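These are the residues of each chain, in order.
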Amino acid sequence: MSASERVRVIIVEDDAEIRELTRLILQKEPDLFVAKSYANGEDFLKEWPAVEADVVLMDIGMPGRNGIECVAEAKPKRAATLFMITTVFENPAYIFQALCAGASGYLLKNTGAKQLVEAIHQLIEGGSPMSPAIARLVVDSFQSQTRARIADHDLTPRERELVDGLAQGLMYKEIAERLGCTTGTIKVHVRNIYEKLQVNSRHEAVKKVYPGGA
């Protein structure tokens, strides 16, 4: 298999020992090709317009430009290239910042050689590989945020239906007909909803319950 047929990988890692070890691991794979390696983000970004890569393994904690900043700057210039973070940081903030910047995977540096190679293949095949500990952090963080959002709203099913009506732009009379009650009852419910949500208008209520859709 020629170099042009293999998956081209770039390594950006400031630790020389880890950088060389990663290169040796990947070079043993017949379908992977280490096209380039860099000791810092500045050198990587400087050459980025001129180098070709399918996958970039990006460290976060580097002097100067950190890995998240590098991904955020490099990804828009070559959207087809896939970025995978390799780091020692088990920090939800770093994880979400990296994913928002454009990374498609997040691995801890203690990931074994076999798992690293499998993660690169998974990335190429359309997956988003993460170390088990990282995946658990993402799930826990998501569930925690969801629980907090639900607790903050504390709306009854009936009140949720009413907010759905508000979100659809229905008048109180139309909502009352849908829910089988009077307009006066709807007004009472709306006051209770506003109090629970700590808002003063239909728009604010809808925005708070459905932050992504308002």
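Residues numbered from 1 in each chain as written. Predicted model: local features only at pLDDT ≥ 70, side-chain atom pairs only at ≥ 80, totals over all residues. Heavy atoms only, no water.

Enquirer: Honestly, the sheet that holds strand β5 (residues 105-108) in this entry has me stumped. Any pointers?
Expert: Working definition: the strands of a sheet are paired by backbone hydrogen bonds and lie parallel or antiparallel to each other. Spatially, the five strands line up as an open sheet ordered β2-β1-β3-β4-β5, and their pairing is parallel. With one partner strand each, in any of the chains shown, β2 (32-38) and β5 form the two edges of the open sheet. Within the sheet, the average angular offset between the axes of one strand and its neighbour, ignoring direction, is 25°. Bridge count between strand β3 (residues 55-59) and strand β4 (residues 82-87): five bridges; the pairing is parallel. Note on β4: the bridge partner recorded for aspartate 59 is threonine 86. (Pairing = 2+ DSSP bridges. Helix = DSSP H or I, 4+ residues; strand = E, 2+ residues; numbered from the N terminus. Axes fitted to C-alpha atoms, helices over the stretch in contact; angles between N-to-C directions.)

Enquirer: Would you take a moment to explain the pairing of β2 for this structure?
Expert: Two faces make up the sheet, and in a regular strand the side chains alternate between them. Two strands pair when backbone bridges link them, and strand β1 (residues 7-12) and β2 are joined in this way by six bridges, in the parallel orientation. In the sheet register, isoleucine 11 faces β2, and the bridge partner there is serine 37.

Enquirer: Help me out: how do you make sense of the pattern of salt bridges in this one?
Expert: Any two side chains of opposite charge can pair, given that their charged atoms come close. In the structure shown here, the tally under the stated rule is nine salt bridges. For arginine 23, the salt bridge is made with glutamate 20, and the minimal N-O distance between the two is 2.7 Å. Pair noted here: arginine 23 and glutamate 20 are both in helix α1 (residues 16-27), with a separation of three residues, about one helical turn. The partly exposed category is assigned to glutamate 20, whose relative accessible area is 35%. A salt bridge links glutamate 73 to arginine 65; the nearest nitrogen and oxygen atoms lie 2.5 Å apart. What emerges from the salt-bridge pattern is a single network uniting Arg65, Glu69, Glu73 and Lys77. (Salt bridge = Lys/Arg side-chain N within 4 Å of Asp/Glu carboxyl O. Buried < 20%, exposed > 50% of the residue type's maximum accessible area, 1.4 Å probe, protein only.)

By themselves, these observations are geometric and do not establish any function.
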